[in-house]
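For reference, the chains in residue letters:
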Amino acid sequence: MSNHVTIKDAVKRYGDFTALNGVSLDINEGEFFTLLGPSGCGKTTLLRMIAGFNSIESGEFYFGDKLINNIPAHKRDIGMVFQNYAIFPHLTVKENVAYGLKARKVPKDQMDAKVKEALELVQISHLADRKPNELSGGQQQRVALARAFVIEPSVLLMDEPLSNLDAKLRVQMRSVIKKLQKRLDITTIYVTHDQEEALAISDRIAVMNEGRIMQIGTPSEIYAKPQNPFVAGFIGVSNYLDCEVKPDGKVNIKGELDLNIPLRRQYTGKAKLSARPEQLFFTATGMPGVIQFSTFLGDFVEYEVLLNDGQSLIINEYTKDHSEVYENGKNVFISFDPLRVSLYESESQEVLSL
Amino acid sequence: MKLLGKRQFRMDFWTWVKIIVILALCLFIVYPFYTILTKSVFSTKVEGITLYNFTRFFTKPYYYKSLLRSLYVCFFTVLASTAIGVPIAYLMTRYNILGKKAMHIMTILSLMSPPFIGAYSWIILLGRNGLAAKLFTMLGLTAPTIYGRGGIIFVFTLHLFPYIYLYTSGAMNSIDSSLEEAAENLGMSKLRRIWTVTLPVILPSILAGCLMVFMTCLADFGTPMLLGEGYVVLPVLVYNEYMSESATDPFMASALSVVIVICSLLVLVFQKYVIDKRNYQMSSLRPPVEVQLHGGKRLLASLPIYIVIFLASLPQIVVICQSFVERSFSGMVKGINLSNYQTILKRLFTNIKNTYVFSSVAIVFIVLVGIFVAYILVRKKGKVASLIDMLIMFPYVIPGSVLGIGLIIAFNRKPIILVGTSAIMIISYVVRKLPYTVRSGTAFLCQMDPFVEEASINLGVPPLKTFFTVTARMMLPGVMSGAVLSWITCINELSSSIMLYTGKTSTISVAIYQEVVRMSDGTAAALSTILTLTTIISLLIVFRVTKGKVKIV
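Here the residue index of a chain counts from 1 through its sequence in written order. For naming, the first written chain is A and the first written ligand is 1, with later ones following in the order written. A pLDDT threshold of at least 70 governs which residues receive local features in this predicted model, and a stricter bar of 80 or more applies before side-chain atom pairs are shown or counted, although totals over entire chains, interfaces and linings include all residues. The side-chain values count all of the structure's non-hydrogen atoms but skip hydrogen atoms and water molecules.

1. A look at the overall build of chain B
Argument step 1. Secondary structure assignment for chain B yields 23 helices and four strands.
Argument step 2. Atoms counted for the radius of gyration: C-alpha only. Globule rule: 2.2 Å times residue count to the power 0.38. Radius of gyration (C-alpha) of chain B: 25 Å, near the 24 Å computed for a compact globule of 553 residues.
Argument step 3. Judged by the C-alpha coordinates and their principal axes, chain B covers about 90 × 70 × 50 Å.
Argument step 4. Burial classes: relative accessible area under 20% of the type maximum marks a residue as buried, over 50% as exposed, and values in between as partly exposed (1.4 Å probe, protein chains only). For chain B, with 553 residues in total, the buried portion stands at 55%. We count a stretch as a helix when DSSP gives it H or I for four or more residues in a row; a strand needs E for two or more, and each element gets its number in order from the N terminus.

Next up, the structure:
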């Protein structure tokens, strides 16, 4: 049975170091939920607490309505895919997949049928009698997947399962995992540090940093409306500019340009603007700058533009809109998309834009 | 938060294992050594606690000279072993030596063969009435004597240079060839490259090999006992003080034991604080390429290796040949037959049986304890694990004869009387040879993916069952290859057996020693052959099973 997962105020300490500092999550039934963040942000720590391999210092973990804090790891009924697969080297593919069913004392005929079905789902039926050392990385990955979901766990956990694969296989396995998850409808918690992977695979993402959750949202929410400069910088590329919100509500950038950015509340004072490369344009008037460097990337051109005060910005221009590539040294004027850029208070880093 | 208090302390399985292991180690290692320590500060000559034994040791030449002799022998053996082991390691790793694999196995064989058989064989060859000695006389030359310190160093070196070879070649194989290429690229000549880059990088490994040689020399009893004659080194002195029929002085023997252990400890401390700090972590992306030599050059590179390995293997060959020679009481050859074997089967069958029974029983305990201890050391790290680690490795610094004395003193009175039983022999084997198995088990476990165990638990198998069905099952090859080394050193064990044996519990190695002393070469040779062949077969099995990847050091 699939379950929703609730975590209330989870804390994990290693000596003086706080790995997890009060994390709360609500994960829906059947949801593909990703914990995303740089290494050391606490995402794997949290996952291992859910799995039962890390002790829970404080906080409450629920599967459905059941508190699981004191249930030992082997009784939690969780499927887990490990970063390096952790396939049993002394067992064949079939035996690996059957392992969890054996522990559950599933009758032989049912077990065989389930193993067969699981192997078919991940398309490795032809490898059933091989030993793990005869398999490629991608095939081992499929065994690990089959082994985890064949026990029909209430929750499926995945700890950076694609990080050991090469780039092409990673993209391929990404869609295998995503489709399988939707088909089996298992609540899945996925850990990764790769933002592109997270955006591609998840229903919702929790961006984590230094043991805290920075933002929870759908991939498009997180990309379009980062709630703080950390998320803006971690997901995609962002340009940061110091600016000031004036009493009349206009946002003045470096004394050179005024923008009408809709704010969610009244504020005057110093602020920080974050704009993605595609949220900046070359216009007839605006902030003056000089093109320093251009990189032609096929569907768009990436420009590095030097502003008068010495800061440089990254600006993308799509080739379907402009076929011309500007020369280095060309004087340009820059403008912003005021409805899409994000604005934060300088001090508290709280979001100001809508 | 209200739901979770402090983590409860539970008496789980592993806590019990730790407690039992520590108790056993305390009983059979710490307690015997403690009794030696306490005995060493008493004397029959002085009332109460006294340093009388130690003052006597450092003032009477009879005593302190034995320490100087031991250090002298150790030092020069280390020097000679390095001088032989390092060049051989270089040649073997860098050039296409003829029959390289066979040479490698032969080196390991000569290291694992019983040490005192080397001494005994060289007596057959170069001793009084020795075969080679006669040859020298016929040619009108004076044969070099095998007795005394020169002989001891010679036999030790041929037996122990493989340590240096194994450590050094291990390091040379893991050195990244781009290091030397960088030196070449920067304009260094070949010899200066070796001197300025290769040698400094592998130096810590060479020193680690030197340490092993030093410790083995310092503790070894058989070789200096057979060859020393007047040249008495410390372990022999301990034996004399404790066992000599005229004037046994267990107090003085204890004090001497303490001196040996302190020497070993000093060497270990030196290793920990000087050598370990300079160890380079190397990840060999491109291991060095073997240079392909042809014709004469290839022979020239192979020749030194063949000479050394021939000399090192000579004792085994001599012993095997000698075992088929029947001699009269006057030493005349009567014929080539199996009479020596008939004699030992009739007269020394108990010894043969004891060796195999004791070693087999010991090995069962060693494997069982080895698996548990290796698991605790790698997966249950903490203060208790460190304590166990220290205790397990303690026998490395306690020579066999010292442990033997400790066990006798500790268990010859109530509440536990073990002296004279088979149990005490087996206990001494388990305690002394356990490190081999634990070392190889931990090395194996360190490379094992810890997530495999978690995967099993995650799939619903409780931790303890996971340990037995997954972890122990996967550790078995590593533990077994260590166990065979433990087994080989058990059957060849002399230095503690000679202290602990009685008529009923005597072993092959003890019998060989006695037969050699009694000058009955034939039976000693037949017994030695049995040990040598068992050693060779056991080693070949390990090579087979581990596909030549066995780690001796």
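2. What to know about the overall build of chain A
Argument step 1. A count of helices and strands for chain A gives eight helices and 20 strands.
Argument step 2. Taken along the three principal axes of its C-alpha coordinates, chain A extends 75 × 45 × 35 Å.
Argument step 3. Of all intrachain contacts in chain A linking residues separated by at least 6 positions in sequence, the fraction that spans at least 24 positions is 67%.
Argument step 4. Per element, the accessible surface of chain A, about 15,900 Å² overall, is 48% carbon and sulfur.
Argument step 5. The positive count covers Lys and Arg only, the negative count covers Asp and Glu only, and His and the chain ends enter neither. In plain terms, the charge of a residue is placed at NZ if it is Lys, CZ if Arg, CG if Asp and CD if Glu. Here chain A contributes 40 positively and 45 negatively charged side chains, and the mean placements of these two sets differ by 7 Å. In what follows, a contact means two residues having at least one pair of non-hydrogen atoms within 4.5 Å. In this description, accessible areas are obtained by the Shrake-Rupley approach with a 1.4 Å probe, and a residue is regarded as covered only by the protein chains that are shown.

3. Concerning the domain arrangement of chain A
When the parts of a complex come together, some accessible area is lost, and that lost area is often used as the size of the interface.
All names here are of chain A.
Argument step 1. Domain delimitation in this document rests on an assignment produced automatically or drawn from a domain database. Per the domain assignment, the segments of chain A are domain 1 (5-229) and domain 2 (237-345).
Argument step 2. The C-alpha centroid of domain 2 is placed 39 Å from the C-alpha centroid of domain 1.
Argument step 3. Residue-level contacts link eight residues of domain 1 with nine residues of domain 2.
Argument step 4. Once two parts are brought into contact, the accessible area they lose, counted with a 1.4 Å probe and summed over both, makes up the buried area. When domain 1 packs against domain 2, the two sides together hide about 690 Å² of surface, and 37% of this comes from carbon and sulfur.
Argument step 5. Of all residues in domain 1, Tyr223, Pro226 and Pro229 bury the most surface against domain 2, accounting for 66% of the area lost on that side.
Argument step 6. By convention in these notes, a salt bridge is any Lys or Arg side-chain nitrogen within 4 Å of a carboxyl oxygen on Asp or Glu. Between domain 1 and domain 2 we count zero salt bridges in total.
Argument step 7. Pairs of N or O atoms are called polar contacts if they sit within 3.5 Å, as long as, within protein, a hydrogen donor faces a hydrogen acceptor (for residues adjacent in sequence, only side-chain-to-side-chain pairs). If you look at where domain 1 meets domain 2, you find five residue pairs in polar contact (both at pLDDT 80 or more).
Argument step 8. In terms of residues, the side of domain 1 that touches domain 2 owes the most to one element, helix α7 (residues 219-224), which gives three residues.
Argument step 9. Ten residues, namely Ala, Val, Leu, Ile, Met, Phe, Trp, Tyr, Cys and Pro, are considered nonpolar, four, namely Asp, Glu, Lys and Arg, are considered charged, and the remaining ones, Gly among them, are considered polar. Of the residues that constitute the side of domain 1 that touches domain 2, the class distribution is five nonpolar, two polar and one charged.

4. Topic: the interface of chain B and chain A
Argument step 1. Listed by partner, the interface residues are 22 residues for chain B and 30 residues for chain A.
Argument step 2. Here chain B and chain A share an interface that buries about 2,300 Å² over both sides, 63% of which is from carbon and sulfur atoms.
Argument step 3. For the interface between chain B and chain A, the tally reads one salt bridge.
Argument step 4. Residues Arg48 of chain A and Glu454 of chain B are paired through a salt bridge, measuring 2.5 Å at the closest nitrogen-oxygen approach.
Argument step 5. Put simply, chain B and chain A have six residue pairs in polar contact (both at pLDDT 80 or more) between them.
Argument step 6. At the level of secondary structure, the elements contributing two or more residues to the side of chain B that touches chain A comprise α19 (450-458) and α20 (463-491) of chain B.
Argument step 7. It is α19 of chain B that provides the largest number of residues to the side of chain B that touches chain A, a total of seven residues.
Argument step 8. Looking at side-chain class alone, the side of chain B that touches chain A contains 13 nonpolar, four polar and five charged residues.

5. Concerning the environment of Gly150 of chain B
Residues and elements named next belong to chain B.
Argument step 1. The residue Gly150 is located in helix α7 (residues 149-174) in this model.
Argument step 2. You can call Gly150 partly exposed: its relative accessible area is 47%.
Argument step 3. A C-alpha to C-alpha distance of 9.4 Å links Gly150 and Gly228, two positions 78 residues apart in sequence.

6. As for the domain arrangement of chain B
Residue and element names in this part refer to chain B.
Argument step 1. Here chain B is described as being made up of domain 1 (22-32 + 328-553) and domain 2 (60-322).
Argument step 2. Here the C-alpha centroids of domain 1 and domain 2 sit 23 Å apart.
Argument step 3. Counting residues at the interface gives 36 residues for domain 1 and 35 residues for domain 2.
Argument step 4. Note on domain 1 versus domain 2: buried area summed over both sides is about 3,400 Å², and carbon and sulfur give 81% of it.
Argument step 5. At the boundary of domain 1 and domain 2, one finds zero salt bridges.
Argument step 6. Those elements giving two or more residues to the side of domain 1 that touches domain 2 turn out to be α17 (400-411), α20, α21 (497-500), α22 (508-517) and α23 (521-546).
Argument step 7. Counting residues per element, the side of domain 1 that touches domain 2 draws most heavily on α23, at 13 residues.
Argument step 8. Grouping the amino acids of the side of domain 1 that touches domain 2 by side-chain chemistry returns 26 nonpolar, nine polar and one charged.

7. Quick look at the sheet that holds strand β14 (residues 269-275) of chain A
Residue and element names in this part refer to chain A.
Argument step 1. Strands sit in the order β13-β12-β11-β14-β20 across an open sheet of five strands; the sheet is antiparallel. Bordering the open sheet on either side are β13 (257-259) and β20 (342-345), each of which pairs with just one other strand. Here the strands of the sheet are splayed against their neighbours by 35° on average, with no regard to which way each runs.
Argument step 2. Think of it this way: DSSP has to see at least two bridges between two strands before they count as a pair. Here strand β12 (residues 251-253) runs beside β13; their pairing, made up of three bridges, is antiparallel. When the sheet's bridge partners are listed, Ile253 is paired in β13 with Leu257. Fitting a line to C-alpha atoms yields each axis, with helices limited to the stretch in contact; the angle taken between N-to-C directions then spans 0 to 180 degrees.

8. Notes on the sheet that holds strand β10 (residues 212-217) of chain A
Residues and elements named next belong to chain A.
Argument step 1. In spatial order, the strands read β6-β7-β8-β3-β9-β10; together these six strands make up an open sheet with mixed pairing. Where the open sheet ends on each side, the last strands, each with one partner, are β6 (78-81) and β10. Here the average twist between neighbouring strands, direction ignored, is 20°.
Argument step 2. Bridge count between strand β7 (residues 155-159) and strand β8 (residues 187-192): five bridges; the pairing is parallel.

9. Here we look at the packing of helix α4 (residues 100-112) of chain B against α23 of chain B
Residues and elements named next belong to chain B.
Argument step 1. At a closest axis distance of 10 Å, the pairing of α4 and α23 adopts a crossing angle of 135°. By the angle between their directions, the pair α4 and α23 is classed as oblique. In this structure, α4 crosses over α23, and the sense of that crossing is right-handed. From α4, Ile105, Ile108, Leu109 and Met112 reach across to α23, where they touch Thr535, Ile536, Leu539, Leu540 and Phe543.
Argument step 2. A breakdown of the residues in the contact of α4 with α23 according to their chemical character gives eight nonpolar, one polar and no charged. Roughly parallel refers to an angle under 35 degrees, roughly antiparallel to one over 145, roughly perpendicular to one between 65 and 115, and oblique to any angle outside these ranges. Note: crossing handedness is left-handed where the near helix turns anticlockwise from the far helix by less than a right angle, and right-handed where it turns clockwise.

10. A short note on a nonpolar patch on the surface
Residues and elements named next belong to chain B.
Argument step 1. Residues Trp16, Ile19, Ile20 and Leu23 make up a contiguous nonpolar surface patch of roughly 420 Å² in combined accessible area.
Argument step 2. Position of Leu23 among the secondary structure elements: in helix α1 (residues 13-40).
Argument step 3. Leu23 gets classed as exposed once you look at its relative accessible area, which sits at 57%. Each patch is built from residues that are more than 30% exposed by relative accessible area and take part in no salt bridge. Like charges join if they lie within 9 Å; nonpolar side chains (Val, Leu, Ile, Met, Phe, Trp, Tyr) join within 5 Å.

11. Details of the pairing of strand β1 (residues 5-14) of chain A
Residues and elements named next belong to chain A.
Argument step 1. Judged from the five bridges that link them, β1 and strand β4 (residues 58-63) form a sheet pairing that is antiparallel. Each bridged residue has a counterpart across the sheet, and for Thr6 the counterpart in β4 is Tyr62.
Argument step 2. Remark: two residues form the turn of the hairpin made by β1 and strand β2 (residues 17-27), two consecutive strands paired antiparallel; Gly15 in that turn has positive phi of roughly 60°.

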